[in-house]
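# An overview of the molecular structure
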Amino acid sequence: MKLRYFDNAATSWPKPSAVADAVHRCLVRGGGNAGRSGHAKAVEAARTVLGTRELLAELFRIADPAHMVFTKNATEALNLALYGLLRPGDRVVTSSMEHNSVMRPLRHLSNRGVRLEVVPAAPGGVIEPGAFCAALASGTRLAVVTHASNVTGAVTDIAPIGEHCRRLGVLLLVDAAQTAGSLPIDVEVLGVDFLAFSGHKGLLGPQGTGGLYVRDERVLEPLMRGGTGSRSDREEQPEFLPDRYESGTLNSPGIAGLGAGVQYLLRRGVESVQAHERHLLELFLEGVAGVPGVTPYGPAPAATCTGVLSLNLAGLSCSEAGSALEDRFGLLTRVGLHCAPLAHRSLGTFPEGTVRFSWGPFTRERDVRAAVRALRELCAPDGGRR
Ligand SMILES: Cc1ncc(COP(=O)(O)O)c(C=O)c1O
């Protein structure tokens, strides 16, 4: 049976072939440890790392690539920002649509004296900028908000939040795990102080890659300290970027692959990926609209969404539906709570969760049509078992 991959929100697949080629090249030809020695192989690895840093800076319109810090995923980037910024007594505002990579550190920090306020989402899981900004009373140290929900794909309008934060002197951390590579992002236009992202989702890089944009390193303590290959005469952590936050050997092969993924996106244009994913969403929604028994979740009329659709099927638990979709139709989805229990509470789908379809730049119309046919069959009165 032909398998169709609908789990791009967890990690993207397939990747452009140039990604695997770049990883291979780095392992076979590169070989050195970036920034650690002066020999040819270390210099080549350092060049690869710098190349990817520059490509990411170009993608996110970051003026100085040194402000682009590599991490192993978005979770590490978010932890770096949250633990590096917040101290007991600080006030932090977030939304009810956040992933556990935001909620778990924040719950932990709130048990240590950080004051946490969670702004509830509007129906459909939309974070309304007005409601969010209203919670940013003066004295707030940090606002943390997702650029798009990993459950519904609903996109948050960040720019007005960024503008309000600037006016109040509140720092803004945006979780772009679901939007980097799928929506155009300009850190200046959005007014973000920190942008956390995965390298292995919309940016099409290998797993084990991610990063954090840091506008001003003076306000952010490192999460880890250690060898950087720079200022080895000193026992204290360097204060300059990006070394302040990049202790230990970097994942050069992964970063090489990430560079190839970003290069693909820059060539194709993120706007083109956005339009493609949007088109597939419309096709999907149109297809399931007339199917009795399918309940989609998310904003109506899905005005601004990424390539994600969460739904449930009447008469089937979401794990039964997920198994049937894979076993009978070869459709690979993700079911359950998607590491976002509070988002599911906001949607009214807790504790069961939903079946989530998520697509990417290489998903075709015929994949979506096959998904719609499968849902129609599963929802037929005989469960499609004619
Ligand atoms: C909205 C959101 N934030 C953060 C993460 C964590 O990303 P990573 O797996 O790269 O740590 C995810 C992963 O699915 C996500 O969807």
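These lines cover the structure that appears in this document, whether it is placed above or below. (Residues numbered from 1 in each chain as written. Predicted model: local features only at pLDDT ≥ 70, side-chain atom pairs only at ≥ 80, totals over all residues. Heavy atoms only, no water.)

## Here's the deal with the overall build of the protein chain
We count it as follows: In DSSP terms, a helix is any run of H or I states spanning at least four residues, a strand is any run of E spanning at least two, and both are numbered starting from the N terminus. Radius of gyration here is computed from C-alpha atoms only, and the compact-globule reference equals 2.2 Å multiplied by the residue count raised to the power 0.38. Think of it in three bands: residues with accessible area under 20% of the maximum for their type are buried, residues over 50% are exposed, and the middle band is partly exposed, with areas taken using a 1.4 Å probe on protein chains only. Pairs of residues are marked as contacts when any of their non-hydrogen atoms sit within 4.5 Å. In this description, accessible areas are obtained by the Shrake-Rupley approach with a 1.4 Å probe, and a residue is regarded as covered only by the protein chains that are shown. Here Asp and Glu are counted as negative and Lys and Arg as positive; His is not counted, and neither are the chain ends. Just so you know, the charge point we use is NZ for Lys, CZ for Arg, CG for Asp and CD for Glu.
A tally of regular secondary structure across the protein chain gives twelve helices and 13 strands. Here the C-alpha radius of gyration of the protein chain, 21 Å, is about what a compact globule of 386 residues would show, namely 21 Å. Counting only C-alpha atoms and orienting by the principal axes, one finds that the protein chain spans roughly 75 × 55 × 30 Å. Expressed as a percentage of the 386 residues in the protein chain, the buried residues total 56%. For the protein chain, contacts bridging at least 24 residues in sequence account for 69% of all contacts bridging at least 6. Put simply, the protein chain shows about 16,100 Å² of open surface, and 52% of that area lies on carbon and sulfur atoms. Placing the 41 positive and 38 negative side-chain charges of the protein chain at their respective mean positions leaves the two points 3 Å apart.

## Digging into helix 6 (residues 158-168)
What counts is decided by this rule: Here the arc refers to the set of directions running from the helix axis out to each C-beta atom.
Turning to helix 6, its buried residues are I158, I161, G162, H164 and C165. Along the axis of helix 6, the buried positions cluster into a sector of 165 degrees, meaning they face one direction only. Immediately beyond the C-terminal end of helix 6, within one or two residues, lies G169, with a positive phi of roughly 75 degrees.

## Details of the sheet that holds strand 7 (residues 194-198)
The condition is simple: Here, any two strands with at least 2 DSSP bridges between them count as paired. Angles shown run from 0 to 180 degrees and are taken between the N-to-C directions of axes, each axis being a line fitted to C-alpha atoms and, for helices, limited to the stretch in contact.
Sheet architecture is open: seven strands sit in the order 2-8-7-6-5-3-4, paired in mixed fashion. Edge positions in the sheet fall to strand 2 (68-71) and strand 4 (115-119), since each of these pairs with one other strand and no more. Each strand axis lies, on average, 20 degrees off the axis of its neighbour in the sheet, ignoring direction. In terms of strand pairing, strand 3 (residues 91-95) meets strand 5 (residues 140-146) through three bridges, oriented parallel. The residue bridging R91 from the neighbouring strand is T140, located in strand 5. Against the sheet, helix 2 (residues 40-60) makes contact with strand 2 and strand 7, and its axis sits at roughly 120 degrees relative to strand 2, the strand it touches most.

## Re the site of the ligand
What counts here: Whether a residue is near a molecule or strand is decided by its heavy atoms; if any one of them lies within 4 Å of it, the residue is near. Each residue is assigned to one class: nonpolar for Ala, Val, Leu, Ile, Met, Phe, Trp, Tyr, Cys and Pro, charged for Asp, Glu, Lys and Arg, and polar for all the others, Gly among them.
Residues in close proximity to the ligand total 14 residues, the closest being T75, D175, Q178, S198 and K201. With the chains in place, 90% of the 390 Å² that the ligand exposes on its own is no longer accessible. Split into classes, the residues belonging to the shell around the ligand amount to three nonpolar, nine polar and two charged.

## Overview of the pattern of salt bridges
We count it as follows: A carboxyl oxygen of Asp or Glu within 4 Å of a side-chain nitrogen of Lys or Arg is what we treat as a salt bridge.
Summed over the entire model, instances satisfying the criterion amount to 17 salt bridges. The shortest N-O distance in the salt bridge between D216 and R218 comes to 2.9 Å. Using a relative accessible area of 21% as the deciding quantity, one classes D216 as partly exposed. Ionic contacts of the salt-bridge type, sharing partners, join the residues R4, R364 and D367 into one network.

## With respect to the packing of aromatic side chains
Basically, it comes down to this: Working definition: rings of Phe, Tyr and Trp (its six-membered ring) pair if their centres are within 6.5 Å, and the pair is stacked with planes under 30 degrees apart, edge-to-face with planes over 60 apart, and tilted otherwise. For a Lys NZ or an Arg CZ to count as sitting over a ring, it must be within 6 Å of the ring centre and within 35 degrees of the ring normal.
Evaluation of the coordinates by the stated rule reveals seven aromatic pairs. Summarising the aromatic geometry, the rings of F6 and F284 are spaced 6.3 Å apart at their centres and angled 70 degrees between planes, so their arrangement reads as edge-to-face. One end of the pair, F6, is in the loop between strand 1 (4-5) and helix 1 (17-30); the other, F284, is in helix 9 (residues 270-289), with 278 residues separating them in the sequence. On the basis of relative accessibility, which here comes to 0%, the residue F6 falls in the buried class. Positioned over the ring face of F350 is R345, at 3.8 Å from the centre of the ring.

## A few points about the sheet that holds strand 10 (residues 308-313)
One open sheet holds the four strands; their spatial order is 9-10-13-12, and the pairing between them is antiparallel. Whereas interior strands pair on both sides, the edge strands pair on one side only; in this sheet they are strand 9 (294-297) and strand 12 (334-336). Between one strand axis and the next, the sheet turns by 30 degrees as a mean value, whatever way the strands run. Where strand 12 lies against strand 13 (residues 354-358), three bridges are found, and the strand directions are antiparallel. Paired with G336 across the bridge in strand 13 is T354. Contacting strand 10, strand 12 and strand 13, helix 10 (residues 318-329) runs over the sheet at an angle of about 40 degrees to strand 13.

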